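Spelled out from the first residue to the last, the chains are:
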Amino acid sequence: MAFMEKPPARKVLLDDTVPLTAAVEASQSLQSHTEYIIRVQRGISAENSWQIVRRYSDFDLLNNSLQITGLSLPLPPKKLIGNMDREFIAERQKGLQNYLNVIMANHVLSNCELLKKFLDPNNYSANYTEIALQQVSMFFRSEPKWEVVEPLKDIGWRIRKKYFLMKIKNQPKERLVLSWADLGPDKYLSDKDFQCLIKLLPSCVHPYIYRVTFATASESSALLIRTFNDKGTLKDLIYKAKPKDPFLKKYCNPKKTQGLELQQIKTYGRQILEVLKFLHDKGFPYGHLHAANVMLDGNTCRLLDLENSLLGLPSFYRSYFTQFRKINTLESVDVHCFGHLLYEMTYGRPPDSVPVDSFPPASSMAVVAVLESTLSCEACKNGMPTVSRLLQMPLFSDVLLTTSEKPQFKIPTKLREALRIAKECIEKRLTEEQKQIHQHRRLTRAQSHHGSEEERKRRKILARKKSKRSAVENSEEQPVKHSNANNSGSGASSPLTSPSSPTPPSTAGLSSALPPPPPPPPPPPPPAGPSPGTEMPAPPLPQAVNGVNRGALLSSIQNFQKGTLRKAKTCDHSAPKIG
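Because the structure is a prediction, the values reported are computed rather than measured.

Undergrad: Explain the sheet that holds strand β1 (residues 20-29) to me, please; I cannot follow it from the model alone.
TA: Picture the strands of a sheet paired through backbone hydrogen bonds; they go either parallel or antiparallel. The strand order across the open sheet formed by three strands is β1-β2-β3, and the pairing between neighbours is antiparallel. The two strands at the open ends of the sheet, each matched to only one other strand, are β1 and β3 (49-55). On average, each strand axis in the sheet is tilted by 25 degrees relative to the strand beside it, whichever way the strands run. Bridging between β1 and strand β2 (residues 34-42) involves nine bridges; their strand directions are antiparallel. From the neighbouring strand, Gln-28 faces β2, where its bridge partner is Glu-35.

Here's what the structure looks like:
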């Protein structure tokens, strides 16, 4: 096959789910307009940041593109007169910051291609639809029986995954959908193992897995063909959406949503758990469960996009579970994502935030029990239950599944080992990212506490107490210094130095108390003892700790008495010897 025989050079693979943050740092006025300088950062590392310059017209263009969502976004209004005034520019800068904050707080908008291109044009400047068309065209050179009907523009949330409506030339009424996807940051399989596993997907038979008609891969991407389903996905059912509509239009701000009936929740939930258990038992990593990846076929749920984990694509909910260090395996990731899916099936919308502190009333307490085990603060802190444990819970244990299709997915032993190693690498990257986020969160809390008003007041009180204590110690040292000056005798004594480097008292008083030798005819040699006006060298004393050594030294000086000194013995050899 000629599909991508010469792939492009391996490039740095970005994780598109890592959140971008943006801060409008400053503005600069030119002759006819104002530019706003924005600091953009990817993830938690301040080193991974850059500056962009945007005009108000750029914000306006972005806002017009996001009108497809139907959201009312707080973009500051235009102003024709007085738009160069300093006060107006400062006020608009605050408004633009609030506008960006609202967009980035929305999980769907924060991952959309429009925002990525606006904030990170260097990494998202390519036309991914055109790239996908080129790759698909190369594939059709050797597979002429397929024909592209139309591109299904932006029906998915992924930036680097595109969809096309297909047909077979000799079966023009049958509709199929082709998905093409580039590699992701978690692709750890070798090129050979990767291509073999992709080609195995059509052989996977399971009553709750959506069948793959055709699959092939190159060293840099994969292409799969499935039957097009007019009914759409489980998310389309909940949001009352049309399958062909863009993702932002369908799910970002739906006008009508409806939670499912209890029996549907029980049946669909049991079916999804059964297929997750099947994949886990096969050692096949999934990690991509969400409502848009579950196809509805009558009253049956069928899982989509098994190829995502082989391609190394990041999960839709990755920015959620990277916050919790106990969700560190693909099995626990699937269980946590199942909690998101169950919440959406129950209430007709995703949770506002995770973990969930309290759950709204549901059709059954058994539903709330499962949600608490997967989305509550305690669950996220202590870890997820297993799929087998969820199947035993009252919500799903009494559901009877009737299917005649026997599951079948044979994976050779060599490929099973490759999958195991790749799974461990994916989990290792997840664990390292969770550790970095945890450390960053602790540092941020410490800095916030250190800079809080309460902490500043506490430090001021401690500083005042320390200052008072030092003043008291200094006042106690003054009488000691005065007494030392009176007891040291003549002015030959050295004064006391600072407490950090005390100096021993002079020995001049000792030498002046000795009787002088009789004057001999020849000049006498110098005496053995120290002469007046000199100081004996003394080893440096250790630095005082909490004033202990300094107090002992001052006490010794204050209690010094001359009478306790021993008299020195001298040998006078100056008299003439008579032989």
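Undergrad: What is the right way to read unusual backbone geometry from this model?
TA: Across residues other than glycine, the phi torsion is negative in most instances, and most of the peptide bonds are trans. Omega for the peptide link from Val-354 to Pro-355 comes to 5 degrees, which places this bond in the cis form. For Pro-355, the position within the fold is in the loop between α12 (330-347) and α13 (365-375). The residue Lys-240 is not glycine, and still its phi comes out positive at about 55 degrees. With respect to the helices and strands, the residue Lys-240 is situated in the loop between α7 (234-239) and α8 (247-251).

Undergrad: Even after reading the chapter, I still don't get the packing of aromatic side chains, so can you show me in this structure?
TA: We describe a pair of aromatic rings using the distance from one ring centre to the other and the angle between the two ring planes. Under the definition given, this model contains 15 aromatic pairs. Taking 5.1 Å as the distance between ring centres and 65 degrees as the angle between the ring planes, the aromatic pair formed by Trp-157 and Phe-316 counts as edge-to-face. Here Trp-157 is found in the loop between β4 (146-152) and β5 (161-168), whereas its partner Phe-316 is found in the loop between α10 (307-311) and α11 (318-321), with 159 residues between them in sequence. Take Trp-157 and Phe-316: they sit in the same class, and that class is buried. Between Phe-247 and Phe-316, the ring centres sit 6.4 Å apart and the planes meet at 70 degrees, which makes this aromatic pair edge-to-face. A residue pair is termed long-range when its members are at least 10 positions apart, and Phe-247 in helix α8 and Phe-316 in the loop between α10 and α11 qualify at 69 residues. Residue Phe-247 is classed as buried on the basis of its relative accessible area of 6%.

Undergrad: I keep staring at empty space enclosed by the protein and nothing clicks. Help me out?
TA: The method is simple in principle: a probe with the dimensions of a water molecule rolls over the atoms, and the space it marks as empty is what remains. The tally for this structure, following the rule as stated, stands at eight cavities of 30 Å³ or more. As a volume, the largest cavity reaches approximately 470 Å³. Along the wall of the largest cavity there are 28 residues; nearest its centre are Ile-155, Tyr-163, Thr-233, Ala-292 and Leu-304. A per-element tally of the lining of the largest cavity places α8 first, with three residues. Of the residues belonging to the lining of the largest cavity, the class tally is 13 nonpolar, nine polar and six charged. Counted as a void, the second largest cavity has a volume near 160 Å³. Around the second largest cavity, the lining comprises 19 residues; the ones closest to its centre are Asp-186, His-288, Leu-313, Leu-330 and Ile-426. The leading source of residues in the lining of the second largest cavity is helix α17 (residues 413-450), at three residues.

Undergrad: How should helix α1 (residues 56-65) be read in this particular structure?
TA: Turn by turn, an α-helix covers 3.6 residues, leaving residues three or four places apart pointing in a common direction. Along α1, the residues classified as buried are Tyr-56, Phe-59, Asp-60, Leu-62 and Asn-63. Buried positions in α1, seen along its axis, are confined to an arc of 160 degrees and lie on one side of it.

Undergrad: How should I be thinking about a positive patch on the surface in this particular structure?
TA: The grouping of Lys-457, Lys-460, Arg-464, Lys-465 and Lys-468 at the surface amounts to a positive patch. Among the structural elements, Arg-464 can be located in helix α18 (residues 453-487).

Undergrad: Help me out: how do you make sense of the pairing of strand β7 (residues 214-217) in this one?
TA: Across a regular strand the side chains alternate sides, sitting on one face of the sheet and then on the other. Neither face of β7 is left uncovered, since the one carrying Phe-214 and Thr-216 and the one carrying Ala-215 and Ala-217 both have all their residues buried. Sheet topology places β7 next to strand β8 (residues 221-227); four bridges connect them, and they run antiparallel. From the neighbouring strand, Phe-214 faces β8, where its bridge partner is Ile-225. From the end of β7 to the start of β8, which pair antiparallel, there are three residues.

Undergrad: Help me understand the side chain of Asp-16 in this model?
TA: Counting through the fold element by element, Asp-16 comes out in the segment before β1. A polar contact is formed between the side chain of Asp-16 and the side chain of Arg-160, at a distance of 2.9 Å. With residues up to four places along the chain from it excluded, the contact list for Asp-16 reads Asn-111, Lys-116, Tyr-124, Ile-159, Arg-160 and Pro-314.

Definitions and cut-offs
- Residues numbered from 1 in each chain as written.
- Predicted model: local features only at pLDDT ≥ 70, side-chain atom pairs only at ≥ 80, totals over all residues.
- Heavy atoms only, no water.
- Pairing = 2+ DSSP bridges.
- Helix = DSSP H or I, 4+ residues; strand = E, 2+ residues; numbered from the N terminus.
- Axes fitted to C-alpha atoms, helices over the stretch in contact; angles between N-to-C directions.
- Phe/Tyr/Trp six-rings, centres within 6.5 Å; stacked < 30°, edge-to-face > 60°.
- Buried < 20%, exposed > 50% of the residue type's maximum accessible area, 1.4 Å probe, protein only.
- 1 Å grid on protein atoms, 1.4 Å probe; cavity = no way out; pocket = protein on both sides within 12 Å on 5 of 7 lines; lining within 4 Å.
- Points joined across faces, edges and corners; volume = space filled by probe spheres on them.
- Nonpolar A, V, L, I, M, F, W, Y, C, P; charged D, E, K, R; others polar.
- Arc of directions from axis to C-beta.
- Patch = residues over 30% accessible without salt bridge, like charges linked within 9 Å, V, L, I, M, F, W, Y side chains within 5 Å.
- Areas by Shrake-Rupley, 256 points an atom, 1.4 Å probe, with all protein chains shown as cover.
- Salt bridge = Lys/Arg side-chain N within 4 Å of Asp/Glu carboxyl O.
- Lys, Arg positive; Asp, Glu negative; His and termini not counted.
- Charge placed at Lys NZ, Arg CZ, Asp CG, Glu CD.
- Polar contact = N/O pair within 3.5 Å; in protein donor to acceptor, adjacent residues only side chain to side chain.
- Contact = heavy atoms within 4.5 Å.

Interpretation note: all reported values are geometric properties and have no functional meaning in isolation.
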